[in-house]
Amino acid sequence: ENILNKFDEKSISDVAQARQGLATGDNDRFLRMWNEVSIKNIGFGCNDRQDAKESCHKWFPYNKGGSYRKWYGNQELVIAFDEENYNALLQQGNHLPSRHLYFKNSITWSALAGGSISLRYSPKGFVFDTKGQCIFSDSEKLLKYLMGVLNSNVSKAFLTLMAPTLDFNCGVVGKFPYVEGDVDLNLIASNIDVSRNDWDAHETSWSFKTNDLVALKDEVFLSINGEKQNIPTLLTELLDDYKSKWSRLFYQLHSNEEELNRQFIEIYGLQDELTPDVPLEEITILQQGEISIENNDIVWHDDVIIKQLISYAVGCWMGRYRLDKPGLHIAHPNPSSEEVCTYQYNGHDFKIDDDGIIPMMSCDSMFEDNGYNRIVEFIKVAFGEDNFTENLNFIEKALGKSLEDYMMKDFWKDHKKMYQNRPIYWLFSSKKGAFQCMVYMHRMNPYTAERVRTKYLLKHIDDLKGRIATASERAALLTTVERRNLAKMQKDLDECLEYHDVLHEVADQQIGFDLDDGVVVNYAKFGDVLAKIK
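This structure is a prediction, so every number in the text was calculated from the model and none was measured. (Residues numbered from 1 in each chain as written. Predicted model: local features only at pLDDT ≥ 70, side-chain atom pairs only at ≥ 80, totals over all residues. Heavy atoms only, no water.)

## Observations regarding unusual backbone geometry
Phase 1: The phi angle at Asn295 is positive, at roughly 55°, despite the residue not being glycine.
Phase 2: Given a relative accessible area of 81%, Asn295 falls into the exposed group.
Phase 3: Here the phi dihedral of Gln510 falls at roughly 50°; this positive angle occurs in a residue that is not glycine.
Phase 4: Looking at the element boundaries, Gln510 is found in the loop between helix H16 (480-508) and helix H17 (519-524). (Buried < 20%, exposed > 50% of the residue type's maximum accessible area, 1.4 Å probe, protein only. Helix = DSSP H or I, 4+ residues; strand = E, 2+ residues; numbered from the N terminus.)

If you want it as structure tokens, here you go:
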């Protein structure tokens with residue numbers, strides 16, 4: 001009865017605008033993951049439609065709901081919204097409803113959810129979808145207040161009645177009872193900051209700066225006489241610092257949510273109906289597998305954190321990131337010679353890969369820029385040579401396998417998963433992986449396939465032939481293991497020769513592509529020379 005009586009109060013629609021966004025009518029044409037297109041063609045932070053038009057960009061951030069996550073995040077998509085595409089959208093889908101609200105800051109949520117509603121702060125610059133509905137107000141305080149109550153236990157009690165099918169459309173949310181009260185908005189601001197920091201600590205955010213382990217190491221350098229120094233740092237110690245930092249933020253977020261629940265329960269007069277308790281499982285940071293909750297406590301997964309470091313290392317070699325500067329570096333086609341030049345970091349030269357191609361082969365391959373070698377060199381440069389062996393052993397212990405095995409067999413699978421089957425590193429691979437080269441999509445051109453063939457595949461074939469000939473000359477003296485290795489080399493050679501015929505045909509086509517078409521379309525143009533993404 002106490003809950004039902006609250007429906008006699010004001011509703012959210014009386015104090016703010018709860019709106020459904022656009023339906024494109026053709027998502028494959030108009031929507032992309034942000035990392036698929038050139039970062040130079042995305043317009044961030046526009047104030048309104050006119051601002052976006054004058055920016056001359058094609059793509060703009062897009063809210064489309066997404067998974068259960070509170071306070072901040074799920075910023076993954078962009079929409080084609082330049083003049084041509086804007087006019088096309090006016091004629092199809094649901095014809096751009098509420099377009100006077102596009103690009104304004106708001107709070108947004110997933111209209112269709114598998115459980116509770118979860119609202120996130122959305123800064124200015126976003127267009128929004130039918131699935132990523134929004135509440136708008138000129139008052140930042142009101143937006144944060146509404147986000148606080150809708151993310152609280154109070155909303156669960158009301159929305160269980162209002163949306164039993166878990167369809168949290170703007171009509172339902174707009175009818176949510178609004179009761180004014182005194183709530184600590186600093187707690188809500190803190191929750192947004194913690195969740196934003198978590199979102200941006202991952203390379204799937206366009207605001208990602210650097211890997212956390214590298215950042216923590218640089219903080220140590222800066223703390224010594226205020227200057228960076230080339231001091232070797234143990235990864236095991238940095239990982240402890242990482243866990244300490246994020247544990248503190250996790251439990252801070254948990255404490256804030258429970259205190260907000262207490263305050264909103266009091267404001268809505270539901271002390272007899274509800275408790276402020278929040279299960280740890282409902283805290284929505286560290287969602288890329290860094291932790292799990294067991295027996296009401298955090299369990300850390302070291303392998304996930306180390307894999308994120310390895311992914312960042314690959315990005316540095318490809319030129320996507322730089323150790324000496326925060327944020328994206330090369331995320332666009334045709335980088336200049338200045339953008340790919342060697343730079344200094346902690347007294348070492350760091351050479352960006354000259355062609356954005358990294359062989360993913362065994363340690364005994366002939367390629368100096370092999371994936372394993374690249375990660376080994378990164379560890380030495382980033383964390384110092386004195387503790388290199390200990391750091392490498394720690395990495396392999398965390399991975400549960402050798403670094404060589406991980407780079408050859410698992411890295412690209414993890415990369416595909418991280419980028420939701422829209423990988424930015426493409427894998428040129430023979431049928432069973434006897435030959436593998438990973439190529440940075442943003443640095444590809446019509447001659448990339450030919451470069452893979454001539455600079456890497458043909459040299460690998462010649463190397464295999466030479467090793468087979470050497471072993472065959474002493475065939476009668478070979479041990480059982482050596483005979484087995486010879487047979488494997490012959491199988492690998494046959495596989496590589498077969499792959500060469502296919503790659504040669506593709507390379508002769510000099511395939512070019514437009515990043516705006518997206519990974520799925522462009523990847524398919526290369527057929528069987530690339531590993532499958534699904």
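Further notes follow.
## Thoughts on the nonpolar core
Phase 1: Judged by nonpolar contacts, the single largest core of 148 residues is most densely connected at Ile135, Phe378 and Phe428.
Phase 2: Here this core takes twelve residues from helix H10 (residues 235-267), the largest share from any one element.
Phase 3: Excluding anything up to four places from it in sequence, Phe428 contacts Phe435, Gln436, Cys437, Val439, Met444, Ala449, Val452, Tyr499, Leu503, Phe526, Val529 and Leu530.
Phase 4: Counting residues in hydrophobic clusters, the runner-up holds 30 residues, among them Ala52, Leu77, Leu89 and Leu96. (Core = buried A, V, L, I, M, F, W, Y, C linked by side-chain atoms within 4.5 Å. Contact = heavy atoms within 4.5 Å.)

## Section: a negative patch on the surface
Phase 1: Taken together, the side chains of Glu219, Glu237, Asp240, Asp241 and Glu390 define an acidic patch exposed on the protein surface.
Phase 2: Here the negative patch gets three residues from one element, more than from any other, and that element is H10.
Phase 3: The residue Asp240 is located in helix H10 in this model. (Patch = residues over 30% accessible without salt bridge, like charges linked within 9 Å, V, L, I, M, F, W, Y side chains within 5 Å. Areas by Shrake-Rupley, 256 points an atom, 1.4 Å probe, with all protein chains shown as cover. Salt bridge = Lys/Arg side-chain N within 4 Å of Asp/Glu carboxyl O. Lys, Arg positive; Asp, Glu negative; His and termini not counted. Charge placed at Lys NZ, Arg CZ, Asp CG, Glu CD.)

## Some details on a nonpolar patch on the surface
Phase 1: A cluster of nonpolar residues, Leu4, Phe7 and Leu161, forms a patch on the protein surface that exposes about 280 Å² of accessible area.
Phase 2: Assignment of secondary structure puts Leu4 in helix H1 (residues 2-5).

## A word on the pairing of strand E5 (residues 77-80)
Phase 1: Of the two faces of E5, the one lined by Leu77 and Ile79 and the one lined by Val78 and Ala80 are each fully buried.
Phase 2: Looking at chain direction, strand E4 (residues 59-63) and E5 are connected through four bridges and run antiparallel. Along E5, the bridge assignment pairs Tyr62 with Leu77. (Pairing = 2+ DSSP bridges.)

## Looking at the environment of Ser429
Phase 1: Structurally, Ser429 can be placed in strand E18 (residues 425-429).
Phase 2: On the basis of relative accessibility, which here comes to 10%, the residue Ser429 falls in the buried class.
Phase 3: Here the alpha-carbon distance between Ser429 and Gly45, two residues 384 residues apart in the chain, equals 40 Å.

## Points about the pattern of salt bridges
Phase 1: Summed over all chains, the structure comprises 30 salt bridges.
Phase 2: Among the salt bridges present, the one from Lys431 reaches Glu498, with a minimum N-O distance of 3.3 Å. Of the two residues, Lys431 is situated in the loop between E18 and strand E19 (436-440) and Glu498 in helix H16; the sequence distance between them amounts to 67 residues.
Phase 3: The exposure class assigned to Lys431 is exposed, which follows from its relative accessible area of 73%.

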